[in-house]
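Listed here are the chains, written in short residue letters.
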Amino acid sequence: MKSSLTILFFILMLTAVAQKKTLIGKITSSQQPVENINVKIMGTNQSTKSNSLGDYQLNTFGKADVVIQFSGIGYQSAKAKVSITGDSLRYNVDLRTQAADLNDVVITGVNRATALRKSPVPIAVLSKKTMDQNVSTNLIDAIVKGIPGVTAVTTGPNVSKPFIRGLGYNRVLTLYDGLRQEGQQWGDEHGIEVDEYGISRAEVVKGPASLTYGSDALAGVINMIPLNPTLEDEKLRGDFTTNYQSNNGLIASSLGLTYRKSDWKYTLRASGKTAHNYRNKVDGLVYGTAFREYNLSASARVDKSWGYSKTAITYYDNVMEIPDGSRDSLSRKFTRQILDDGDDIKNRPIVPDGQLNSYAINPLHQHIQHFRFYNTSNFKLGNSDLNVLIGGQQSIRREYNHPTAPDQAGLYVVLNTLNYDIKYNLPDFSGIQSTIGVNGMFQSNRSKDATDFPIPDYNLFDVGAFFFARKSFGKIDVSGGFRADQRNIEWKNFYVASNPQTGFGEKVSEGAAADLQFPAFEKNYYGLSGSLGLTYNISEKLLIKANISRGYRAPNITEIGSNGLDPGAHIVYLGNRTFKPEFNLQQDLGVIAYLRDADLSVEVFNNHIQNYIYQSRLTDENGNPVVLVPGNLTYQYQQSKAQLYGAEVSINLHPSQFKWLSFNNSMAYVVGLNKNQDLLDLHGREAKYLPFIPPLQIRSELKATAQKAIGFLNKPYLKVDAAIFANQNRFYALDNTETFTKGYTLFNAGFGSAILSGKGKVLMDIFIQVDNIFNVAYQSHLNRLKYFEYYNSSPNGRSGIYNMGRNVSFKVIIPF
């Protein structure tokens, strides 16, 4: 009997060994090897990724006929049914680069690489190719032009703060390569410290993403993903980009280098740009809008059988002027501040013409430096994997607002942040893909040698844990999860006194002459968030998405702690330490179709927010603006219930009979309602709407693209587009915080092509774009400079500062 069992066991072992089969192959795109492509045998837990040479190897057990799926970021997914008749089979595949497609793979807000069609949360993707074909002076500006529902509050051409569906500031979380961006983003004039030329792709989550990222993702997430090139071994590759824009004389250039040796890949990029004041036909050259920016980044990545590890460092340095809008009452020419004590904003000298178009930065400016150092690693653990992201950041912000002491900073703050993010993708169980994780940050802010102190020196600790799962039931994909967060923020007594030598304010220890500007404070904020959604794949080209999610946001430092002037914003902020965390409940419903001749998308949303925090201009009992610091506005934060609802519609036509032609159209609409009933009963329509709500927007683009080379031009394109903005008569009018904004239409045109050598090699890519062809004078509703006005009337009937006029852009990208 024992002998029989031994023989039977031996036979079973031989059978098992005989059933083991090996699948190998190479993955390419345009005949070039592609790494980090997911290779999965459908219906099993067996998967792997291609290496730096594009090679993959996968063992399978059981039946010979299997279905393989290939998917990766930036490439269209592919499936193949193969039969492994022997012990092994080689199967090579050439993937197409990603255009608009439901199978596009994203990594933002989904915990692991996921096809768009499987995510019920609205996610949009913007490629570098699309960004290159639009004029922009900063990265957020490029994203706004490419994704419906995303807008920006601007302070001149170099500061754009992203808004998603009417919500912004600390409600939109910005990421760089998955690492949350921390840089005093509460400020009106604080932009995003990222090199636009180093970004290859942007992914935008439209809706609460607190489940994955915790506080500050209540409105959504913008993930800016740097280039991860595919390289040949021991060959140096790179690109050189140069850009000139006519309106403000912007001159920019960027040099990127990449090199691979065996399993190691290295990247290096240096960028710089400078511009003088921008112009429009109402204001002429707008004083105080020049800037100069430098960026440097480097990374090293190793790919092994156990996974990969990438270490990167970035440096951002931006010097930009501070506009205040002061001007002569009759000529409407801009004036400049030359005094501290005794300054009269309505009686300043006119700016000389030579200073208006100079690239030199004037003494009243801000200097922002941002350092980032991080490591992101993936460890394969059988059928599971562990992802670890650790990063340190330092943001240094100095704002110089003293003309009589130009080297003395008014604001000088240093923000240090340590981020951590650990995610474990569990082995699939009964078809369920699940992830557990913990992330958060340590943060400290310190004021240095300054004269103005809008916020205290605070310490912050943030931690959150979550669980996320997804499962497919035939044509239905269901996903969801839950999360718990805690945030602690505290600061000690902060005293300010007047310096007897300079007369300026300064930070001091406790004393008889000192004022307690920020009394000590400590509080814990807690949040529970989650989401549940599904996608119904009616067919390979048509699906319906539905999602409900609860978001959470702890009040930021300025909302609870501010009590002073921010020189760069020209605003005195007054916070309220009794504020509660914001919570929202958002419902999303979408229908998406990628048909033979058209791409159609309709997304609607409804968002209810508890404890919504917003700015309101402070006035006295007679309705007059309260002026605590001459020449600066005073805003006090408020809190109430709110509701936002709206829709985005895209209709992109690409007739199959005319493959060279495309006609892309989008519409975005959002309404923001203030639900503070006491305020509504007292003030009526003036308090009905929320501030910073964009008007109805319609964008249309007609584009012709050659399907083959024309002489030395490789597939050139020609396009014309229109951006239509309706009147915004739904605004927060209480205390004149906002005013009516007239609608406008901007027409733009562009041409681009790759330039070929005689041997058919790409020498360069050129992009020529004209924005605002007819030089329309307009004010965006989200333009902060619209409210930089100190007179009740003017000779030309205009108030505030207008947006940029006609702008011609020339961009060249040279690969090597």
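No experiment lies behind these values; they were computed from the predicted model shown.

Novice: Go over unusual backbone geometry, please, and point to the residues and values.
Specialist: Despite not being glycine, Tyr169 has its phi angle at roughly 55 degrees, a positive value. Here Tyr169 shows up in the loop between strand S14 (160-164) and strand S15 (172-176). Accessibility expressed as a relative area gives 13% for Tyr169, which makes it buried. In this structure, Asn772 takes a positive phi of about 55 degrees despite not being glycine. Examined against the element boundaries, Asn772 turns out to sit in the loop between strand S46 (762-771) and strand S47 (807-815).

Novice: Before we move on, can you summarise the sheet that holds strand S6 (residues 65-72) with the specific residues and values?
Specialist: An order of S4-S3-S6-S7 is seen for the 4 strands of this open sheet, with the pairing classed as antiparallel. Lying at the two open borders of the sheet, with one neighbouring strand each, are strand S4 (47-49) and strand S7 (75-83). Taking each pair of neighbouring strands and ignoring which way they run, the sheet shows an average axis angle of 20 degrees. As judged from the 3 bridges shared by strand S3 (residues 38-41) and S4, these two strands associate in the antiparallel manner. Note on S4: the bridge partner recorded for Val39 is Thr48.

Novice: Before we move on, could you go through the side chain of Lys545 and cite the residues and values that matter?
Specialist: Within the secondary structure, Lys545 sits in strand S36 (residues 542-553). One buried charged residue, Lys545, forms no salt bridge at all, with the nearest opposite charge on Glu603 at 5.9 Å. At 2.7 Å, the side chain of Lys545 forms a polar contact with the backbone oxygen of Ser119. Leaving out residues up to four positions away in the same chain, Lys545 has contacts with Leu116, Arg117, Ser119, Pro120, Val121, Leu534, Thr535, Asp588, Leu589, Gly590 and Ile592.

Novice: A description of empty space enclosed by the protein should follow, citing residues and the corresponding values.
Specialist: Per the counting criterion, the structure on display carries 14 cavities of 30 Å³ or more. Considering only enclosed or pocket space, the largest cavity measures out at about 300 Å³ in volume. Forming the walls of the largest cavity are 27 residues, and the residues nearest its centre are Tyr176, Gly198, Pro226, Arg269 and Ser297. Elements with a contribution of two residues or more to the lining of the largest cavity: strand S20 (250-261), strand S21 (264-275), strand S24 (291-304), strand S25 (307-321) and strand S26 (365-381).

Novice: Got a sec to walk through a nonpolar patch on the surface? Specific residues and values, please.
Specialist: A cluster of nonpolar residues, Phe473, Ile476, Leu534, Tyr536, Ile538, Ile544, Leu589, Val591, Val602 and Val604, forms a patch on the protein surface that exposes about 760 Å² of accessible area. Of all the secondary-structure elements, those providing two or more residues to the nonpolar patch are strand S35 (521-539), strand S39 (582-594) and strand S40 (598-617). If you tally residues by element for the nonpolar patch, the top one is S35, at 3 residues. Inspection of the secondary structure puts Tyr536 in strand S35.

Novice: With reference to specific residues and values, describe the confidence of the model for the protein chain.
Specialist: Summing up the model confidence of the protein chain, the mean pLDDT is 90 and the portion of residues at 70 or higher is 95%. For the stretch residues 14-18, pLDDT sits under 50, and the model shows 0 contacts to residues farther than four places along the chain or on other chains.

Novice: Summarise the packing of aromatic side chains; cite the residues concerned and give the values.
Specialist: Scanning all chains against the criterion turns up 23 aromatic pairs. Between the aromatic rings of Phe163 and Tyr169, the centroid separation amounts to 5.6 Å while the plane-to-plane angle is 75 degrees, which identifies the pairing as edge-to-face. Joined through ring pairs, the aromatic side chains of Tyr56, Phe70 and Tyr91 make up one cluster. Taking the ring centre of Tyr308 as reference, the NZ or CZ of Arg301 above it sits at 4.0 Å. The cationic tip of Arg398 hangs over the ring face of Tyr412; the distance from NZ or CZ to the ring centre is 5.3 Å.

Novice: Talk me through the side chain of Asn499; I want residue IDs and the actual numbers.
Specialist: Among the secondary structure elements, Asn499 is positioned in the loop between strand S32 (494-498) and strand S33 (505-508). Judged by relative accessible area, Asn499 falls into the buried class, the value being 15%. Excluding its chain neighbours within four sequence positions, the residues that come into contact with Asn499 are Phe504 and Glu506.

Novice: Go over the sheet that holds strand S18 (residues 220-226) with me, naming the residues and quoting the values.
Specialist: In spatial order, the strands read S12-S17-S18-S15-S16; together these 5 strands make up an open sheet with mixed pairing. Since the sheet does not close on itself, it has two edges, and those belong to strand S12 (123-127) and strand S16 (179-180), each with one partner. Both S12 and strand S17 (residues 199-206) contribute to a ladder of 5 bridges, which runs antiparallel. Residue pairing for S17: Val125 is matched across the bridge by Glu203.

Novice: Can you lay out the pairing of S18 for me, pointing to particular residues and giving the numbers?
Specialist: Most of S18 sits out of view: 7 of its 7 residues are buried. Alternating residues of S18 divide into Gly220, Ile222, Met224 and Pro226 and Val221, Asn223 and Ile225, and every residue in both groups is buried. Where S15 and S18 come together, 5 bridges link them in parallel fashion. When the sheet's bridge partners are listed, Thr174 is paired in S18 with Ile222.

Rules used in this analysis
Residues numbered from 1 in each chain as written. Predicted model: local features only at pLDDT ≥ 70, side-chain atom pairs only at ≥ 80, totals over all residues. Heavy atoms only, no water. Helix = DSSP H or I, 4+ residues; strand = E, 2+ residues; numbered from the N terminus. Buried < 20%, exposed > 50% of the residue type's maximum accessible area, 1.4 Å probe, protein only. Pairing = 2+ DSSP bridges. Axes fitted to C-alpha atoms, helices over the stretch in contact; angles between N-to-C directions. Lys, Arg positive; Asp, Glu negative; His and termini not counted. Salt bridge = Lys/Arg side-chain N within 4 Å of Asp/Glu carboxyl O. Polar contact = N/O pair within 3.5 Å; in protein donor to acceptor, adjacent residues only side chain to side chain. Contact = heavy atoms within 4.5 Å. 1 Å grid on protein atoms, 1.4 Å probe; cavity = no way out; pocket = protein on both sides within 12 Å on 5 of 7 lines; lining within 4 Å. Points joined across faces, edges and corners; volume = space filled by probe spheres on them. Patch = residues over 30% accessible without salt bridge, like charges linked within 9 Å, V, L, I, M, F, W, Y side chains within 5 Å. Areas by Shrake-Rupley, 256 points an atom, 1.4 Å probe, with all protein chains shown as cover. pLDDT = per-residue confidence, 0-100. Phe/Tyr/Trp six-rings, centres within 6.5 Å; stacked < 30°, edge-to-face > 60°. Lys NZ or Arg CZ within 6 Å of the ring centre and 35° of its normal.

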